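In case you want the letters, here they are:
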Amino acid sequence: MSKQTLVIVESPAKAKTIEKYLGTGYKVLSSIGHVRDLPKTNKDAVDVDGGFVPRYIVSPGKEKVIEGLQAAAKKSDEVLLASDPDREGEAIAWHVAELLKKHNKNLKRVSFNEITESAVQEAIAHPRKIDIHLKEAQEARRVLDRLVGYDLSGLIWKKVRYGLSAGRVQSPALRIVMEREREIRAFNPEDFFVLTASLKDKVNAEGREGALGHSKAVIPFTCSQEPNEEKEADRIKKVGEKHDWEIKAVKESDARRSPKAPFTTSTLQQTASTRLGFSPSRTMGAAQKLYEGGHITYMRTDSTTLSDQAQKQIIALLNKEHGEKYVQPRTYKSKSKNAQEAHEAVRPSNFAKKAAGSTGDQKALYELIWERTVASQMADATMQRTKLLANVTGATSEIPDFAVNGSRVTFPGWLAVDKRARGEDTEVPKLKQGDVLKCKEVVVEAKQTQPPNRYTEAGLIKELEKRGIGRPSTYASIMNTIVQRGYVEKDGRTLIPTDTGDVVSSFLEKHFADYIGDDFTSEMEDQLDDIANGERQYIKTLKDFYKPFSKAVANKEDIEKLTTLGPGPEGFPCPLCKADMVKKLGRNGTFLSCEKFPDCDGARLIDGSEVKPEEPLGNHPETGEPVFVLNGRFGPYVQLGEMPEKVKGKKLEKPKRASLPTGKEPDEVTLKDAVKYLLLPRELGEHPKTGEPIIANTGQYGPYIGHAGDFRSLKDPKKDDPYTIKFERALEILAEPKTLRKGEELLKELGIHPTTRKLVNVFESKSGRYLKKGWKRIGIPDNIKTNDITLELAVDLLKQR
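Residues numbered from 1 in each chain as written. Predicted model: local features only at pLDDT ≥ 70, side-chain atom pairs only at ≥ 80, totals over all residues. Heavy atoms only, no water.

Asker: How would you sum up the overall build of the protein chain? Please name residues and give values.
Answerer: Scanning the protein chain for helices and strands turns up 20 helices and 32 strands. Viewed in the frame of its principal axes, the protein chain has a C-alpha envelope of about 95 × 85 × 65 Å. Buried positions account for 49% of the 801 residues belonging to the protein chain. At a minimum sequence separation of 6, the contacts of the protein chain that also span at least 24 residues come to 64%. When the accessible area of the protein chain is evaluated, it comes to approximately 42,300 Å², of which 48% is carbon and sulfur surface. Distance between charge centres in the protein chain, computed from 131 positive and 118 negative side chains, equals 3 Å. (Helix = DSSP H or I, 4+ residues; strand = E, 2+ residues; numbered from the N terminus. Buried < 20%, exposed > 50% of the residue type's maximum accessible area, 1.4 Å probe, protein only. Contact = heavy atoms within 4.5 Å. Areas by Shrake-Rupley, 256 points an atom, 1.4 Å probe, with all protein chains shown as cover. Lys, Arg positive; Asp, Glu negative; His and termini not counted. Charge placed at Lys NZ, Arg CZ, Asp CG, Glu CD.)

Asker: Explain the packing of aromatic side chains residue by residue, including any values.
Answerer: All chains considered together, the criterion is met by 15 aromatic pairs. When the centroid spacing of 5.1 Å and the interplanar angle of 20° are considered together, the rings of Phe545 and Phe549 count as stacked. Pair noted here: Phe545 and Phe549 are both in helix α17 (residues 538–554), with a separation of four residues, about one helical turn. Accessibility expressed as a relative area gives 4% for Phe545, which makes it buried. (Phe/Tyr/Trp six-rings, centres within 6.5 Å; stacked < 30°, edge-to-face > 60°.)

Asker: Please set out the nonpolar core residue by residue, giving values where relevant.
Answerer: Among the nonpolar cores identified, the biggest contains 60 residues, and Ile18, Phe112, Val120, Ile296, Leu365 and Val374 are the most heavily contacted of them. Setting aside chain neighbours within four positions, we find Leu365 in contact with Leu268, Ala272, Leu276, Thr283, Ala286, Ala287 and Leu290. Membership of the second largest hydrophobic core comes to 54 residues, among which are Ala140, Leu464, Ile469 and Ile531. (Core = buried A, V, L, I, M, F, W, Y, C linked by side-chain atoms within 4.5 Å.)

Asker: Break down a negative patch on the surface for me, with residues and values.
Answerer: On the surface, a cluster of negative charge is made up of Glu190, Asp191, Glu229, Glu230 and Asp234. Within the fold, Glu230 resides in helix α8 (residues 230–242). (Patch = residues over 30% accessible without salt bridge, like charges linked within 9 Å, V, L, I, M, F, W, Y side chains within 5 Å. Salt bridge = Lys/Arg side-chain N within 4 Å of Asp/Glu carboxyl O.)

Asker: So what's going on with the state of the cysteines? Which residues, and what values?
Answerer: The full count for this structure, using the stated rule, is zero disulfides. Free of any disulfide, Cys439 has its nearest cysteine sulfur in Cys223, 12 Å distant. By relative accessible area, Cys439 is classed as buried at 11%. Here Cys577 stays free of any disulfide, with the sulfur of Cys594 as its closest cysteine sulfur at 3.6 Å. Note on Cys577: relative accessible area 31%, which makes it partly exposed. (Disulfide = S-S within 2.5 Å.)

Asker: For the sheet that holds strand β14 (residues 436–448), give the residues involved together with the corresponding values.
Answerer: Read around the closed barrel, the six strands follow the order β9-β10-β13-β12-β11-β14; overall the barrel is antiparallel. For this sheet, the mean inter-axis angle between neighbouring strands, taken without regard to orientation, is 35°. Direction of pairing for strand β9 (residues 191–201) relative to β14: antiparallel, over a ladder of 11 bridges. Bridging from a neighbouring strand, Leu195 pairs with Val444 of β14. The sheet contacts of α8 involve β9, β11 (245–257), β12 (381–392), β13 (402–411) and β14, and relative to β14 the element is tilted by about 165°. (Pairing = 2+ DSSP bridges. Axes fitted to C-alpha atoms, helices over the stretch in contact; angles between N-to-C directions.)

Asker: So what about the side chain of Glu90? Which residues, and what values?
Answerer: Looking at where Glu90 falls in the secondary structure, it is placed in helix α3 (residues 87–100). Side chain to side chain, Glu90 and Arg128 meet in a polar contact 2.9 Å long. Other than its neighbours up to four places away in sequence, Glu90 contacts Ser83, Asp84, Arg109, Arg128, Lys129, Ile130, Asp131, Leu134 and Lys135. (Polar contact = N/O pair within 3.5 Å; in protein donor to acceptor, adjacent residues only side chain to side chain.)

Asker: Talk me through helix α2 (residues 63–74); I want residue IDs and the actual numbers.
Answerer: Helix length check: α2, at 12 residues, gives a terminal C-alpha distance of 17 Å against a target of 16 Å (1.5 Å per residue), a fit within 8%. Along α2, the residues classified as buried are Val65, Ile66, Leu69, Gln70, Ala72 and Ala73. For α2, the buried positions fall inside an angular range of 165° around the axis, keeping them on one side. Opposite the buried face of α2, at more than 90 degrees from it, the exposed residues are Lys64, Glu67 and Lys74. (Expected span 1.5 Å × (residues − 1). Arc of directions from axis to C-beta.)

Asker: Give a detailed account of the sheet that holds strand β25 (residues 682–686), specifying residues and quantitative values.
Answerer: The strand order across the open sheet built from four strands is β25-β26-β27-β28, with neighbouring strands paired in antiparallel fashion. At either margin of the open sheet sits one strand with a lone partner, and together these are β25 and β28 (710–713). In this sheet, adjacent strand axes meet at a mean angle of 25° when their direction is disregarded. Pairing geometry for strand β27 (residues 702–707) and β28, over four bridges, is antiparallel. Bridging across to β28, His707 finds its partner in Asp710.

Asker: I'd like to hear about the environment of Glu665, residue by residue, with values.
Answerer: Note on placement: Glu665 falls in the loop between β24 (656–659) and α18 (671–677). Given the relative accessible area of 43%, Glu665 is considered partly exposed. Put simply, Glu665 and Asp518 are 147 residues apart on the chain and 48 Å apart in space, counted from C-alpha to C-alpha.

Asker: Summarise the pairing of strand β26 (residues 693–699); cite the residues concerned and give the values.
Answerer: Summarising the sheet, β25 and β26 pair through four bridges and their orientation is antiparallel. Within β26, the position partnered with Gly685 by the bridge is Ile694. Following β25, the chain reverses through six residues before pairing antiparallel with β26; Gly691 in that reversal takes a positive phi of roughly 75°. Bridge count between β26 and β27: six bridges; the pairing is antiparallel. Bridge assignment links Ile694 to a residue of β27, and that residue is His707. The antiparallel pairing of β26 with β27 creates a hairpin that spans two residues between the two strands.

Asker: Describe helix α19 (residues 727–735), with residues and values.
Answerer: Within the span of α19, buried status applies to Ala730, Ile733 and Leu734. Angular distribution of buried residues about the axis of α19 spans 95°; they occupy a single face of the element. Exposed residues on α19 whose side chains face more than 90 degrees from its buried face are Glu728 and Ala735. Against β25, β26, β27 and β28 lie the buried residues of α19.

Asker: Account for the packing of helix α6 (residues 170–186) against helix α15 (residues 499–511), naming residues and giving values.
Answerer: With their axes 9 Å apart at the nearest point, α6 and α15 run at an angle of 105° to one another. The orientation of α6 relative to α15 falls into the category roughly perpendicular. In this structure, α6 contributes Ser171, Leu174, Arg175, Met178, Arg182 and Arg185 to the contact, and α15 contributes Gly501, Asp502, Val504, Ser505, Ser506, Leu508 and Glu509. Its residues assigned to classes, the contact of α6 with α15 comprises four nonpolar, four polar and five charged. (Parallel < 35°, antiparallel > 145°, perpendicular 65-115°, else oblique. Nonpolar A, V, L, I, M, F, W, Y, C, P; charged D, E, K, R; others polar.)

Asker: Would you mind going over the environment of Pro12 in detail, with residue names and values included?
Answerer: For Pro12, the location among the structural elements is in helix α1 (residues 12–19). For Pro12, a relative accessible area of 12% corresponds to the buried category. With 20 residues separating them along the chain, Pro12 and Ile32 place their C-alpha atoms 6.6 Å apart.

Don't take any of this as a statement about function, it's just geometry.
In structure tokens, the structure reads:
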């Protein structure tokens, strides 16, 4: 009987690609990501006293996956663990091995930087042991993040607001954003003036051919100085418009532009942001798919090096398509002290492929990677730069020189491939020293100095990398975390800190400055690198950190609660005692509070309007309860009855509420309106096929009917009103084919989810097949055929994700 080898990877897509390269005797299965993790709660998650031992549990929903792997391992002669070639991949391999070692002792580790036939075959031929140092480095990061996150977050819940969080790396990132915001707030703009002289050839202006021929073009010359005083700007303008001008100097110089190094994770995220408008998580999602499809090398790396084989491929391609003069082999040194994540830059696996990927995102990102990598081995671009200096002639009063600059590419070099980096050529007129020009006008433009720009995601990643905070695998999650926590908002690509982010960062900077400082965070990353290299011990590293850290947290238990954002605006005293107001952070954002609180509970909204007890519109005609119009996080709504007082240990039952219809202002709502709104949601009856209720309601996007997670808008309010629509009409609407997104197709209807009672269906779009349950969507592994998907299998897949 031939030898049977089980190969385990962490992704179904990766498994599908690898299967193509392995012959008979090999079976490739996927763990579908992590199989074990720390429990969600802090209790018993890490045994600190026992040597910082993590108490892992099987990841929820992974029981059947693990059972399948164990059964396959029993039937195999050997098991090869082929997870990704970084610390997280090594940790996944170790966890899988721990769960399989009782079923098969012949466990080995293989890793490859790219999923090509040669790379996979080479790795299979040279298996190794699991690198415990890499696993411990990942484990140390996980344990550190858990301990710091829970201890700091617990304190912030008590001292700032319940539900907030802090983290070992996210908090330094937030601090950097806030430091820039404080610079912007403290910035005092200064006036300055930009002067532009519109000059023409004097001889030409008089109707005869001069140095510029018969061109009527006006040449804009810009003043080399920007005066701060309007008086000085006006003086320069008067002198310039009163006299003729002369070309004082023509300066020409040759310049070179060298190509940039191949992409690291950080530079890929930055460039994808600026050129494609991708967020870091969007970039990494597309890159992951390209890697799993065998199109690019591993995408988590801080190395800029290329393998000899890759470099030879590029040089052969360039010689064939562009010629020898465009070729300049280069070796790039990594700027990172520990380029440990992988051994190569992010590059195409096959340079003959100029396009790859199955979605628009993947294709655009691949093109970016291909261009950057190929350009990195090309000759410099050369260009000629020209600068014309002009000044007035015959004036008794001196003014600064005015200049015009131009440049043109004389040899494109690497710009022949990376055309988006070229920019526009700017030609200047062919003038020589001594040529006389006539001034049409001098325009003075008043400006003010601008504060530093806020960070974009790309800019913040660059700053984190420069300061040694985080590693390639963490940048995208850092960006996601500070946005999802509500500490930062995105305006386009710009990151703007919120009031909540301001309070949290101020609290941490005041009480834990050392632990969220650049030096400490960067040094801790270096220590994790040392663990990975076998130069530092796991227990000693965690002990040296956690003992003083836990003591520092304990020492802050008695500090005052911090919610103050500073003094309130002038002109808005306390409505009760007339004392000054301060800005504070509440559950629904910032507000103004009396500085004497809690002795005085006077308050105003942030715009200065007084906060008064809500007055009811009146009493409900049937229940007799008061009816209110209130404002919440999701907009205005009506409420039936008072909000009950909290009772410790008892679940709070909220009063009935209903949203206001779109376009209805709170001050326009009458008691009659409110009683009508409170009729919603209406239950119209049970669907004859599913037995699930059909409801009519109104929401953020207007009126709708809903059934088992299937929502249909009521587009004609004259015909279909949620307050009057009948059961039969609702069935008609639900029977109509649902409008799908462009490129989306319904492949299979599975039925009702047994727990959530929502419809579960199989869809397909350009990005692939996916299961949809209500609003939730998850991708379907490529090795599962659509016809084989049952409701039971779908429920299991939804659990695993």
